[in-house]
Amino acid sequence: MTDALIIGGGSGMGLALARTLLAEGMDVTIVGRSTDRLSAARAELERTTQGKVGTIRADIGREEEVAALFARVERAEHVVVTAMDASGAYGRTADVTSATARAVVDTKLLGAWLVGKHAAGRVTGSITYTSGINAYRPNGSNTIVAAANGALTALTYGLAIELAPVRVNVISPGWVDTPVWDQLAMDKQAAFAELAGRLPARRIGTPDDIAQAFVSVMRNGFITGTVLHVDGGHRLT
Ligand SMILES: NC(=O)c1ccc[n+]([C@@H]2O[C@H](COP(=O)([O-])OP(=O)(O)OC[C@H]3O[C@@H](n4cnc5c(N)ncnc54)[C@H](OP(=O)(O)O)[C@@H]3O)[C@@H](O)[C@H]2O)c1
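Nothing here was measured: the structure is a model prediction, and the numbers come from that model. (Residues numbered from 1 in each chain as written. Predicted model: local features only at pLDDT ≥ 70, side-chain atom pairs only at ≥ 80, totals over all residues. Heavy atoms only, no water.)

## Remarks on the site of the ligand
And then number 1: The environment of the ligand is made up of 29 residues, and the closest members are Ser11, Arg33, Lys108, Val176 and Thr178.
And then number 2: In the model, an oxygen atom of the ligand is placed 3.5 Å from a nitrogen or oxygen of the Gly12 main chain.
And then number 3: For the ligand, an oxygen atom lies 3.1 Å from a polar atom in the backbone of Thr82.
And then number 4: When the ligand sits alone it has 890 Å² of accessible area, and the protein chains cover 95% of it.
And then number 5: The set of elements that each furnish at least two residues to the shell around the ligand consists of helix H1 (12-23) and helix H4 (98-119).
And then number 6: Tallied by class, the residues present in the shell around the ligand amount to eleven nonpolar, 13 polar and five charged. (Near = heavy atom within 4 Å. Polar contact = N/O pair within 3.5 Å; in protein donor to acceptor, adjacent residues only side chain to side chain. Areas by Shrake-Rupley, 256 points an atom, 1.4 Å probe, with all protein chains shown as cover. Helix = DSSP H or I, 4+ residues; strand = E, 2+ residues; numbered from the N terminus. Nonpolar A, V, L, I, M, F, W, Y, C, P; charged D, E, K, R; others polar.)

## Considerations on the pattern of salt bridges
And then number 1: Inspection of the entire model under this criterion finds twelve salt bridges.
And then number 2: A salt bridge links Arg57 to Glu65; the shortest N-O distance between them is 2.7 Å.
And then number 3: For Arg57, a relative accessible area of 38% translates into the label partly exposed.
And then number 4: A salt bridge links Asp59 to Arg62, with the shortest nitrogen-to-oxygen separation between them at 3.7 Å.
And then number 5: Where salt bridges share partners, they join Asp177, Asp182 and Lys188 into one cluster. (Salt bridge = Lys/Arg side-chain N within 4 Å of Asp/Glu carboxyl O. Buried < 20%, exposed > 50% of the residue type's maximum accessible area, 1.4 Å probe, protein only.)

Following this line, the structure appears as structure tokens:
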């Protein structure tokens, strides 16, 4: 039993959400593939907060691991999914291997579907997925990720009907400074500065911006079947 199960909670936005919920006294369980990353995240969380932090190793792309995860947790009030491995997925379509494209779909889309399948009957409050701005503002270097993010909206709508009264939503972040950017061969600071100058919010997002959005969607009992854009106005640029 856990108050919040965060799949992808070992870093970035998921870790920021774990920190926020623990500070409010909730029990949190973070999930990812690397036990080292999970242990480091738990140590950091336990240094700064009082709440109970659980860790479970699971790959969201593998059904037997997702089934075992929910069997072990038994019950969760809220489930949040931030898991995504973007290795090799950014680049022109001609340069991305089909194995990489399948891996993106397996984790981001089918992984989300597996969570809906195995959370059914075990989650009592809400499921919140994470898509991304590239579904709405593709830039020619992330087409398969954009496609998986776009499909998450339709999955969310379907599950919001199917799993009701459990609420199912998706947050679509804009650019947020997290470890995911370290996998990309680019000058991150220059790219951030260029985009920040064009965004209505005049800055790049922080993991806490997204954590606060997760919290509002989790807490508001009248939000379901919704895409919440938390992108500093990126869609308008
Ligand atoms: N940062 C941005 O600018 C941005 C913008 C738009 C959308 N997003 C989306 O926001 C979400 C969170 O990203 P982030 O920026 O917080 O990235 P992040 O720091 O890289 O976090 C992703 C987490 O997911 C875990 N993970 C990856 N593959 C997994 C799998 N197959 N099964 C279970 N866990 C897995 C990783 O841990 P392990 O490697 O240990 O498994 C990692 O802790 C992602 O879905 C991303 O696409 C990010």
